[in-house]
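The lines below spell out each chain.
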Amino acid sequence: MQNYDVIVIGAGNGGLAAAATLAEKGKKVILFERHNIPGGCGTSFCRGRFEFEVALHQLSSMGTPEKPGPLREQFRRYGIEEQIEWVEIKELFRVNFPDGTGISLPADRKECEAHLCKEFPQEKDAILRYFETVYSFCAESAAFAEKSAQSTDEPGAVKKTIMKLGFPKLYPTLAKYALKSTQEVLDEFFKAPKLQLALSAYWCFMGMPPSRFPWSILAKCTNIYMEDKPFYLKGTSMVMNQAIMEAVGRMGGVVRLNCGVERIIIENGKAVGIIDENGEEYRAKKIVSNISPLATYGALLDEKDIPESAREYLKPYTVGISAITCFIGLDCTPEEIGFTTSFTLNYESLNANEDFKDAYKLLPENDPLVATCYTVDDPSISPAGTSIITAGTLQYGEEWEKLTPEQYYEKKYEAGRRIVERLEKMYPGFSEHIEEMEIATPLTHMRYLGHPGGAIYGYEQDVMSSVFFFPAESMIPNLEFASGWVNACGFGPNYMFADKVATSLASEV
Ligand SMILES: Cc1cc2nc3c(=O)[nH]c(=O)nc-3n(C[C@H](O)[C@H](O)[C@H](O)COP(=O)(O)OP(=O)(O)OC[C@H]3O[C@@H](n4cnc5c(N)ncnc54)[C@H](O)[C@@H]3O)c2cc1C
């Protein structure tokens, strides 16, 4: 039996960051990952002469070297900032409409405002007011969070004091918009559906249509990506995983790949250690789970050890959406097929909420199509004269789980064919250039990550289960969660959330 301060289960973004922060703070930490590579969702794979990125489109919160964002600061602390060649993306995204028109949004507030005012002159005032509202909302949220963190009172007492002082007076924009959906806010400001779609494209990063997507998250995404800029990196997200994993080792932590955790040991109702898949026992003062609370309680605990309070606590949450993705290697450059912006969201109609209903079906129909050409921002990502495109739709896993193995293969290729047909329509001649193609379905995500429903963004993040109500609380003493399931999902948010969890644990062990 070995003893540690902290055991971390799972080397996804959250697990890697938790282990790195604990090691940095001089804690004896061990990280277990059942796969033979780190990264979880954030990974890559090779087919032919292409290496495909699985998940990362845009890394948030990086900022520039001169004006670093919180994630860059975190990577500096791990000593990995300089090891990685970062690629700044100049445009947030391009939204393409069914009539062949489209709008690209520059990753700069002033340029974005100017561009949209030119495209929609009749909505100029509303556009300027909207951006002002986004920025005020984020400033007030940050001020409120800082105030809450500074207070030495119990959180309940802080809230009561703030309420007494008049929360809406202190934080008027936060009070007005915190619990509104994206669609509600867009309807308040804008008339043109195309403008609404252009400003709400980040809904697809959380897998909730505008009618259910918390505007609070959209405002934060818009603000963060405009201020800290969207980034990619040379060599796919595997380079980042490898760098963080090596940093864990360099700072004295231990990483065990190819070594899943079989069970969490509970004694007197408290988490005290784990048993790995080889039957080895490890003890620690704290356990951090980087896998979903459902899998943590359901697969790693004996039935008798699952507290009733955990079942009750998780009841209101719904397992989120998965995806069907085609990973495509083309034998031509992006210019040859007319791909000019790396990240595009492509609509079949001007009603995103209606089209999103197809996400519950087995196969993509009118679902908004997310297509990313990594070669636009980094031509060196694939051999000269070639390009990499990943294109897919958000799809729930339920219908896929009902298929027999024979049906599965048939439907998987049918899904791929439909997505390629959509791309062919937008970029005539596209399919003739396909050199390699692989398709991932909700079942692929389920198999590789062990996530229920193959969910790629954790629990559904609608207005009522948004950032203010995540199920981050563990019902077992000494067990903590640090994953996309208990926090706003995504690379940046997960690295930073896990850093916060680990920092707080470091002061306790
Ligand atoms: C197709 C796709 C596109 C995405 N696009 C973006 C994007 O553009 N931008 C963005 O920011 N985010 C994106 N995301 C989301 C982002 O990738 C995830 O939010 C994030 O990677 C999840 O990290 P995590 O820390 O929750 O861990 P996960 O990635 O869920 O990793 C959990 C790890 O735990 C391991 N594990 C499971 N069980 C055990 C066990 N018993 N013992 C040991 N290890 C175990 C798994 O093997 C895995 O490595 C995308 C995701 C997908 C799949």
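Calculation notes
Positions within a chain are numbered from 1, following the residues in the order the chain's sequence is written. For this predicted model, a pLDDT threshold of at least 70 governs which residues receive local features, and a threshold of 80 or more governs which side-chain atom pairs are given and counted, while totals over whole chains, interfaces and linings are taken from all residues. Being near a molecule or strand means, for a residue, that its backbone-placed C-beta atom lies within 6 Å of it. The helix count covers DSSP runs of H or I at least four residues long, the strand count covers runs of E at least two residues long, and both are numbered beginning at the N terminus. Three residue categories are used. Nonpolar comprises Ala, Val, Leu, Ile, Met, Phe, Trp, Tyr, Cys and Pro, charged comprises Asp, Glu, Lys and Arg, and polar comprises the others, including Gly. For two strands to be treated as a pair, DSSP must find at least two bridges joining them. For helices, the fitted line uses only the C-alpha atoms of the stretch in contact; every axis is such a line through C-alpha atoms, and the angle between N-to-C directions lies from 0 to 180 degrees. To sort residues by burial, count the other C-beta atoms lying within 10 Å of each one's C-beta; a count of 20 or more means buried, 12 or fewer means exposed, and anything in between means partly exposed. C-beta atoms are built from the backbone. Each angle is binned into one of four classes, with values under 35 degrees roughly parallel, values over 145 roughly antiparallel, values of 65 to 115 roughly perpendicular, and all other values oblique. Each crossing gets its hand from how the near helix is turned against the far one by less than a right angle, where anticlockwise is left-handed and clockwise is right-handed. Once C-beta atoms are placed from the backbone, any two residues with those atoms within 7 Å are in contact. Here, a nonpolar core means buried Ala, Val, Leu, Ile, Met, Phe, Trp, Tyr and Cys residues linked by C-beta atoms lying within 7 Å of one another. Start and end positions for the domains come from either an automated domain assignment or a database one.

Focus on the site of the ligand
Here comes step 1: Of all residues adjacent to the ligand, which total 38 residues, the nearest are Gly10, Gly12, Gly14, Gly40 and Gly490.
Here comes step 2: Looking at the shell around the ligand, the elements that each hand over two or more residues are α1 (13-24), β13 (322-330), α18 (442-449) and α19 (491-506).
Here comes step 3: Here the residues of the shell around the ligand are counted per class, giving 16 nonpolar, 20 polar and 2 charged.

Here's the deal with the sheet that holds strand β6 (residues 91-96)
What links the strands of a sheet is backbone hydrogen bonding, and the strands pair in either a parallel or an antiparallel sense.
Here comes step 1: Read from one edge to the other, the open sheet built from 7 strands follows the order β7-β6-β14-β15-β16-β13-β17, with strand pairing classed as mixed. At either end of the open sheet lies a strand with only one pairing partner, and these are β7 (102-106) and β17 (434-440). When strand polarity is set aside, the average angle formed by the axes of neighbouring strands in this sheet is 20°.
Here comes step 2: The pairing of strand β15 (residues 369-373) with strand β16 (residues 387-395) spans 4 bridges and is classified as antiparallel. Within β16, the position partnered with Cys373 by the bridge is Ile389.

Quick word on unusual backbone geometry
Here comes step 1: The backbone of Asn258 shows a phi angle near 60°, a positive value even though the residue is not glycine.
Here comes step 2: As for its placement among the helices and strands, Asn258 is situated in the loop between β9 (254-256) and β10 (261-267).
Here comes step 3: For Asn478, which is not glycine, the phi torsion reads 75° and is therefore positive.
Here comes step 4: One can find Asn478 in the loop between α18 and β18 (479-481).
Here comes step 5: C-beta crowding within 10 Å serves as the criterion here: with 22 such atoms nearby, Asn478 is assigned to the buried category.

Some details on the packing of α1 against helix α11 (residues 237-250)
Here comes step 1: Between α1 and α11, the shortest axis-to-axis distance is 8 Å and the interhelical angle comes to 30°. Looking at the two axes, α1 sits roughly parallel to α11. The interaxial crossing formed by α1 with α11 has left-handed handedness. Contacts from Leu16, Ala17, Ala19, Ala20 and Ala23 in α1 reach Asn241, Ile244, Met245, Ala247 and Val248 in α11.
Here comes step 2: Considered class by class, the residues forming the contact of α1 with α11 number 9 nonpolar, 1 polar and no charged.

Quick look at the nonpolar core
Here comes step 1: In this structure, Ile7, Ala18, Ala19, Ala20, Ile244 and Val248 are the most contacted members of the largest nonpolar core, which totals 143 residues.
Here comes step 2: Apart from residues lying up to four places away in sequence, Val248 is in contact with Ala19, Ala20, Ala23, Leu31, Gly253 and Val255.

Looking at the environment of Glu335
Here comes step 1: Considering the arrangement of structural elements, one finds Glu335 in helix α14 (residues 334-337).
Here comes step 2: You can call Glu335 exposed: it has 11 C-beta atoms within 10 Å.
Here comes step 3: Counting along the chain gives 332 residues from Glu335 to Asn3, while the straight-line C-alpha distance between them is 56 Å.

Brief notes about the domain arrangement of the chain
It is common to give the size of an interface as the accessible area lost on bringing the parts into contact.
Here comes step 1: Looking at the chain, the domain boundaries give domain 1 (2-42 + 59-86 + 234-316 + 464-506), domain 2 (106-228) and domain 3 (321-449).
Here comes step 2: Domain 2 and domain 3 are separated by 30 Å when their C-alpha centres are compared.
Here comes step 3: Listed by partner, the interface residues are 10 residues for domain 2 and 10 residues for domain 3.
Here comes step 4: If one sorts the elements of the side of domain 2 that touches domain 3 by residue count, helix α9 (residues 193-199) sits on top with 3 residues.
Here comes step 5: Across the side of domain 2 that touches domain 3, the residue classes tally to 6 nonpolar, 3 polar and 1 charged.

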